Structures are given as C-alpha cells and as structure tokens.
Amino acid sequence: MSGRVPRLLLAAVAVSMVATACGSGGAGGGSVKEGGLFRLGSASSIDSLNPFVAFQQDAYSTFEQIYPMLVQYNAKLQFVGDFARSWQESPDGRTWTFHTQPNAKWSDGKPLTAADAAWTFTTILKFQNGPTANSAGTTAHMASATAPNATTLVVTYKQPVANVLSQLQQVPILPEHIWAKYATGNGKALTTFANPAPIVSGGPFKLVKYTPKQIVLFERNPNYYGPKPHINELGLQFFGTYDAEITALKSGQLDGIETVPPTSVGTLKNAGFVVRENPGNYFDDFIINSNPQQEASHRELLNPLLRQAFDYAIDRQAIVKTSLLGYGQPGSSIIPPATGHWYDPSIRPTPFSLTKAAQLLDQAGFKMGPNGVRIANGHPMSYTMIMPSDTTGGYGDRSFQIIQTDFKKIGVQLNPKNLDNSAAFDAILANHYRNFELSMWDWVPLIDPDFMLSVLTCGSWTVWNDTGYCSKSYDQLYQQQGAAMSPAKRQQLVYQLQRTVATVRPYLVLDYADLIEAHSKSWADLPTVGGLSWCSLSKIPFESVHKA
Amino acid sequence: MRSADYVIKRGFFALVTIFVAITINFFLFRILPGSAVSDLSRVPHASPKLQHALTVEFGLDKPKWQQYLIYLKQLFHGNMGVSFTYQQPVSHLLLADLKNTIPMVTVGTVAAILIGVFTGVLSAWRRGSAPDHVSTHTAIFFYAFPTQWLGLMLLILFAGTLPAGGMSNPFVLGTEPFWQHIGDVGIHMLLPAATLMLTAYGSYTLVVRSSMLETLGEDYVLTARAKGLPTRRIVWRHAVRNALLPMITLIALELGFIVGGVLLIEVIFSWPGIGLAMYNAIGERDYPMLQGGFLILAISVIVLNFIADLVYFRLDPRITL
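Draft legend 1. Inspection of the overall build of chain B at higher detail. The number of helices and strands found in chain B is 14 helices and zero strands. Reading chain B from its N end, one meets helices and strands in the order α-α-α-α-α-α-α-α-α-α-α-α-α-α. Along the first, second and third principal axes, the C-alpha atoms of chain B reach 85 × 60 × 40 Å. Scored against the burial criterion, the 321 residues of chain B give a buried share of 42%. Taking as baseline every contact in chain B between residues at least 6 positions apart, the subset at least 24 positions apart corresponds to 75%.

Draft legend 2. The arrangement of the overall build of chain A in detail. If you tally the helices and strands in chain A, you get 17 helices and 22 strands. For chain A, the C-alpha radius of gyration of 24 Å lies close to 24 Å, the compact-globule estimate for 548 residues. Classification of the 548 residues of chain A by burial places 60% in the buried group. Restricting to contacts in chain A with at least 6 residues of sequence separation, those with at least 24 account for 72%.

Draft legend 3. Local environment of the environment of Leu165 of chain A. All names here are of chain A. Position of Leu165 among the secondary structure elements: in helix H4 (residues 164-168). Note: C-alpha distance between Leu165 and Asn418 (253 residues apart in sequence) is 39 Å. The residues contacting Leu165, other than those within four sequence positions of it, are Val71 and Phe79.

Draft legend 4. Quick peek at helix H2 (residues 57-66) of chain A. A large share of H2 of chain A lies buried, amounting to ten of its ten residues. Taken residue by residue, H2 of chain A has Gln57, Asp58, Ala59, Tyr60, Ser61, Thr62, Phe63, Glu64, Gln65 and Ile66 of chain A as its buried positions.

Draft legend 5. The arrangement of the interface of chain A and chain B in detail. Contacts between chain A and chain B engage 59 residues on the former and 44 residues on the latter. When residues of the side of chain A that touches chain B are assigned to their parent elements, the largest contribution, six residues, is made by helix H13 (residues 421-433) of chain A.

Draft legend 6. Highlighting the pairing of strand S17 (residues 382-388) of chain A. Residues and elements named next belong to chain A. Where S17 lies against strand S18 (residues 413-419), seven bridges are found, and the strand directions are parallel. The partner of Ser382 across the bridge, within S18, is Gln413. Summarising the sheet, S17 and strand S19 (residues 438-443) pair through two bridges and their orientation is parallel. Looking at S19, one finds that Met385 is bridged to Leu438.

Draft legend 7. Fine view of the confidence of the model for chain B. Chain-level pLDDT for chain B is 83 on average; 93% of the residues reach the 70-or-more range. Both scores are given for the predicted complex: the pTM is 0.82, the ipTM 0.73.

Draft legend 8. Representation of the confidence of the model for chain A in the model. With 94% of its residues at a pLDDT of 70 or more, chain A shows a mean pLDDT of 90. Taken together, the stretch residues 1-29 of chain A has pLDDT below 50 and engages in 128 contacts with residues farther than four places along the chain or on a different chain.

Draft legend 9. Representation of the packing of helix H5 (residues 90-125) of chain B against helix H14 (residues 287-315) of chain B. All names here are of chain B. Contact geometry of H5 with H14 gives a least axis separation of 10 Å together with a crossing angle of 50°. Considering their axes alone, H5 and H14 lie oblique with respect to each other. Two packed elements cross with a definite hand, and for H5 against H14 that hand is right-handed. Facing Val90, Ser91, Leu93 and Leu94 of H5, the residues of H14 in contact are Pro288, Met289, Gly292, Gly293 and Ile296. Class assignment of the residues belonging to the contact of H5 with H14 gives a composition of six nonpolar, three polar and no charged.

Draft legend 10. Here's a closer look at unusual backbone geometry. All names here are of chain A. In this chain, Ala197 is followed by Pro198 through a cis amide linkage whose omega measures -5°. With respect to the helices and strands, Pro198 occurs in the loop between helix H6 (189-192) and strand S8 (205-211). Notably, His432 is not glycine yet its phi reads approximately 55°, a positive angle. The residue His432 is located in helix H13 in this model.

Draft legend 11. Focus on the nonpolar core. Among the nonpolar cores identified, the biggest contains 235 residues, and Ala117, Ala118 and Ala309 of chain A together with Val121 of chain B are the most heavily contacted of them. Discounting chain neighbours no more than four positions away, the residues touching Ala118 of chain A are Ala145, Thr146, Ala147 and Leu153 of chain A.

Draft legend 12. Seen up close, the packing of H5 of chain B against helix H8 (residues 178-216) of chain B. Residue and element names in this part refer to chain B. It is at 5 Å that the axes of H5 and H8 come closest, and there the two elements cross at 35°. Of the two possible hands of crossing, H5 and H8 adopt the one that is right-handed. Residue composition of the contact of H5 with H8, by class: 24 nonpolar, seven polar and one charged.

What counts and how
Residue positions within a chain follow its written sequence, with the count starting from 1. Chain labels run from A onward and ligand labels from 1 onward, assigned in the order the entries are written. Only residues with pLDDT of 70 or above have their local features reported here, since the model is predicted, and side-chain atom pairs are shown and tallied only from 80 upward, although totals for entire chains, interfaces and linings are computed over all residues. Put simply, DSSP marks the helices as runs of H or I at least four residues long and the strands as runs of E at least two long, and each gets a number from the N terminus on. Here exposure depends only on C-beta density: within 10 Å of a residue's C-beta, 20 or more other C-beta atoms make it buried, 12 or fewer make it exposed, and intermediate numbers make it partly exposed, the C-beta atoms being placed from the backbone. Residues are scored as being in contact if the C-beta atoms we place from backbone atoms lie within 7 Å. Taken over C-alpha atoms, the radius of gyration is set against a globule rule of 2.2 Å times the number of residues to the power 0.38. By the convention used here, strands pair only if DSSP detects at least 2 bridges between them. The predictor rates its confidence in each residue with pLDDT, a number between 0 and 100. Each axis is a line fitted through C-alpha atoms, taken for helices only over the stretch in contact, and angles between the N-to-C directions span 0 to 180 degrees. An angle counts as roughly parallel when it lies under 35 degrees, as roughly antiparallel when it exceeds 145, as roughly perpendicular when it falls between 65 and 115, and as oblique in every other case. For a crossing to be left-handed, the near helix must be turned anticlockwise from the far one by less than a right angle; the clockwise case is right-handed. We call Asp, Glu, Lys and Arg charged. Ala, Val, Leu, Ile, Met, Phe, Trp, Tyr, Cys and Pro are nonpolar, and the rest, Gly among them, are polar. For our purposes the nonpolar core covers buried Ala, Val, Leu, Ile, Met, Phe, Trp, Tyr and Cys residues that link as a set through C-beta atoms within 7 Å.

And the structure:
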C-alpha cells in the first residue's frame, strides 16, 4: 500500500515513525543459530544514499541500519537509547543533554563520538534553507548542538519543544570525518555527494554494495556499539511489482517481503509462510474541500450538515470487508489507534445510516431533483472526486465504488477523476484550494502526533495541507501542544485537536489498514515495529532475527 | 553525386527533426500538471522555504524561455543536466540504464526477427496449408496480447524455475567469475526477453508472409521455376532476399524504440533499464531524466530511420530523392 503523494515522502520518513510491538533487542537469549543472509524484497526503492537528498522509505530504513540515531522506539512506543544511552531535559525544556556510547567506532575504525552528532545537527542548521532543507524539520526551533566531550551532546532550543525525541529519532548521525569536506562554502556538495558503497557505517550493519534499482547489501558491522546482529548479512532487493516480489518469495529467491497486499495473504499462508497482519499507523480518507473561500459553485461543501450526512453515508464496515478483505479497522480519528496513547478513544467510527444522511441533507434544504440528484444552492449535487494513483487500481477503486453507490442513494453524484499523484496534489492546490471539491487519499502519520496535526494548520497550505482547512483557533491549539512539556497536558491538547477535526470533518477517516508482511519459516525472532520489521523506527528487528 | 545529395538531404531532415524533438521534449513535460518540487518537498514539517530552496536549486524559478535556453546550452555542451530525484548527472544514470536495457532488448528483438522471418517465409511458402494457418494464427494471437499480461503470465508460469526479477543474482558479495556472471544474467534475461520476443515476432511474421506472397508471384520466380531450380533455392536464395526489403523499415522502427519501448516489461520483471527509469521519472516529475530519456529515444528513432533510408537507397536503385 503506497502512501499518497503528498505523503509519499512522508511514507519515507513516516514509516520510520510508526512504532509498536517490538522485541526488546537482541535475540531473546539462549542459544540461537548465528550467521546467514536474510534476503528481503521491496516493491519500493532507494532514491539516494545521501540523507540530504533521499526521500524514499527504503532509504530511511537503510539509514536506520547503518547510521547511529540518538534514540529509537521500543515495543511500548517508548523511546529507548540507541547512540544515546541516557538523556536529561532542563527544567525549562530548552536544553537537552544526551550521554552517548563510550568508545564507539565507525566501521573504518575511526572514533564515533558525540562530536559527530553535534556536527550533524549543526550542519543541518547551517544549511537549512538550502542543501539540508529536507532535514530541517527535525531541527525545528533548535538553537545549537555542541559536544563538550566525547560522550556528551548538548542540544539547546529557542523555545520548549514537546517532541524533541521524536524529531531527533529521525536524524542519522553522519561521520564528520567523511562528510565535513562537503559542508563548506554554500554546502551544495552536501547534496551532490552520492555517498557510494561501501559506506562508513556506525549502525549494526555496514552497507557494502548498492546497485541502483536492484539491490542493497549489508554486512554485520563488527564495530557496532549495540547488540550484535545474529545474521552475517542482510540484503534488500527491489521489485517493480508486488507480483514479482511475491513470486520470488514463494520460489525461495527471498526470505521475506516488507509489504504484502491483502489479496496475497491467503496464498502466502497456504504456502506455509509466516504472514503478520499488524494494526497500521495508516489511514485512508475522504477529503472535503474546507477552504472558506472556495468557488461558489460548491460552497455548500462547507455546510456542517452536509459533512455530517456524507459521514453517515459511508459504509466503513463494507470498505474494510471488501476493499481491505478484512485486514483493517473502520476509521475515526486522524491519529490512528496504532500510535498508542495519542489516539483519542472517545472518537468512534460514524455509524453507517443512509436514512440519517438523507435526513441531514433534507434538513440542510438540499431537495431531491427530478433525476435523483439533489439540488444545492441552485445546482445539482454532483461532485468531481480526485483519485490519485495511490488510491486507484485496487483498494481505492473498490472503496470509491462502495461510497459512490451509497451516495447515489441519498441523491449525491460522485464522478471520479483519476490523476497521478503529482497531478492530483496540484489539482487540489489549484487556485489556492478554491477549485477542487472532493478527493480520496491516505496518510502514514508519524508516531508522534505533531506532524499529522500540523497538516491541517494554515502554515501547511501548499506544502502538506490537502483540504484547504485553515483555522486560527486550531493553529493556536496546535502551537500549544507543540510546547506542552507535560505529557498529560499535551495528550489533552492532542485529544482536543482530534475532536476538532472529527467535528469539522475536513477528512472523513475511512479505515485503518493493517500493515502486512511475510517471511519464511526458516527465520525466527523478527519483531515488528509499527507493524513492520524493516523500518526506520528501530534497529531492534534486524539485531534480533536469526535462523530458526 | 546523387548519393551525396541524398545523404545530405536526409541528414539535414534528421537534424531538424532532432531539434524539434528536443524542443518538444522540453515543453511537453512542463505542460503536465504536477511538479518535482511539490513531490520532493513533502517531508514532515516541510515549509515553503524548502519548496523555495528546491525551486531555486532546480532552476524552476526562472522563466520557461530562460530554462529552455539553459537546457539547449547544456545540451550543446553534452550535458543533460542533473536528476532532480537522484542529484546525479542524467547522462551517467541513463548510460547505466541503457547498458542494462540493450542486451535484453537485443536478445528479444533478434529472436523475434529470426522467428518472425522463418515463420513468415514458411507461411507464404506453404500458403493455405495447416502450417500456414497455425503459424499465422499463433502470430496474431501473441501480437494481440497486452505485453504486461503476457509478462505476468510467464512470471507465474515459471515461478520457482526462472528468476522473478532483477538482472542477476543480487545477493552475491564480491565479484563473480565473468562467465558465471554472464550465465546468471542470461537466466535472468530469459523471461523479459521471451516476453518481448513473443509480443514482437508476430508483426514480423505477418509482414514477411505478405511480402513473400507478393514476391513469389513475380515473373522472375516463375522463370526460376521454369528453369527447374529447386523450390528451396527459389525461396531462400531469390524470393526471401527481395521480400525482406520492407523488413528494413520495420526493424529500424523497432530498434529505434528499444530504449523506451520495453517500459512495461522492465517494470514487470524489475529490469533496471531505461524503461523503468522513465516510468519512475514520470511519477517523480524528474524533468532532466525525462528530457534525457526521451531525447535518447527520439535520436534513436531518427538515426535508425536515417540508416534505414540509406540502406534502402543502397539496396533499391528505384529509390530517388
């Protein structure tokens, strides 16, 4: 399942943020079989091995394996140490001190110290409006990063920031002795450096071979500061289609694949593979133009009764059953339950009721027209629904057909307009969100709710915002949660934001699709983090996996 | 003198066509809705600043005509620009892709030509017989298959027997012995090349059959028969050589599309060639990659047609300016 265009890149970094059921590092004690090569298949690819250039999911998952991160997620969605063994926050929330691994080394034997981390953050800050702009979000509000000694990193912020650890978890720490020569002048060389294999690595694996669009191969890094992986090698092969990937798994050319379409679950289970369906930090949505300045020809879309009616007219159970083949849950909030305590459980999926939907439309004064299509403000309630390629071809088509059929019953006509992702996003943004009417897409949020909530802010217009929603009161609440240093207080604000969205309905959340992956029974102890073992949230899964 | 005039005139037309193709390549992709910047700036907490930085970096802040002049200037210096997505020179990326595409497509196309010529000649020679019916219907059957469907069927049919994707066993650390590597690539090439061969050979069969039937009715064939020459010799020595003239155009066109015409096959079999690169570049609105790829495609078609014209001119004295 692919993240929608505006979220394609997000999916890159974003899957990295989905964290859940992860083992606790190392392979469960006792004697395990050491060695071997784990061959993983992916239907995605790596665009670049340079963290200042890369956007694809597999690139970020690769960085997780080869570079130190300050922290990572554990099974309970808590942050645990990675390169940082411990950390403290100052009472005012502006200074964070990290104590890093002592005597650590890069794969080339050079010392790996807090100075490398300080250099990485400082470089991102220095070139944040240019070469390092793709990482600048991770250092938002950061003032400086210094390393007073080899094992201490001090990061200071201009203001209290609630999600510091979530932000820093995304940043691969780079070897200064390799990269420093590119961070000179205007820093342009930071983006032209290909970072070719073999890469000087600091994580559990070192990257030894990369053939674009074909393969990336890793070897166990003997200098790694953490628990040594049991496997000797790890390989990731890229496929153009799921069919080829699944065929390769079934024929023994692979040991595992990172994403299984619901239609292939039965086949793989019957063939004796371990197939795991995990609640995904992912949701599909129905977008209603929420720009108050939208064209008069469809301004009735702002009517709360219409939005409520649309919500009631969506048969989420049918979507889960038919489109996801049962591998998912009906959707409710834009913060999925897989994020753990950030999800507000009081927001329940709206029940399916065409009667109620029709009543609401009647109440809004939208009378039924002669041809079975209601009339709103003098024109038929017939809307163009932008369908990006992310949602078409399988899940999206089936879901749209379910929704279209039900909407027809209440006198609302939906007309699909299939576009590729880039064109779809442009169509939504066209004329400052005035033109588009409806759309369908999906999101892969981060574990921390800040990003997903930021999508609906006014500041996110033309960047991530795909609804045209903009509200000062929402923005204020968003700012407050971002600076709330008390977890309980922040949770309360996050709940409040979710309820606002559930009430205003710029998105109607359709479902939470499961993340499904599969591997051969020849392997054991491959935990998932956020539904995935190959991800950028944690090093634990591939430290842990071993031959059965 | 006549030859020189012909070559100069055809060469001039080819150059003008290439220039027009270059211009169309530039504007065509910019007319498409969507942009590389809106794609690439979608990282968490991205800001309009990031969009601006990317816009400036890619030169998209300049007016279109200025971008066009820069593009032309770069091309005249042999520079195809830098990929928006990979931040690497397009020429390097496409060259690597071409190196992967050409062997697979060459094997598939040559096999298609050989089988097409053989079955076409056989059909014409045995016109109206069972072999003719079988050959013609089989050719039409495969010619009508959507490439992607046939590829998927072969993929499923040979699951476990032949590799499902890639162009060699990727999980090999270190360097394989040369011949072992060649063998490995050969096995990986079987399915994509077979897909290409099966979907392409039908057109050769039908063209050759038609051309052969026409040739077999010529007076010189009748004369050869009257002289008592063996049928096999009449067919292969006299008729086939004349019947293959239309094949020159067809082959030139097919070869011209080598660089882009196998897009679906490369996607299905994860073959890391130029077709797959173009497929990805379209989704990413990677203008330099698209311009580079389509430029190579255009030049290939034009140059091969130019060569076909010259060959025709050489082989058929009836051709005039």
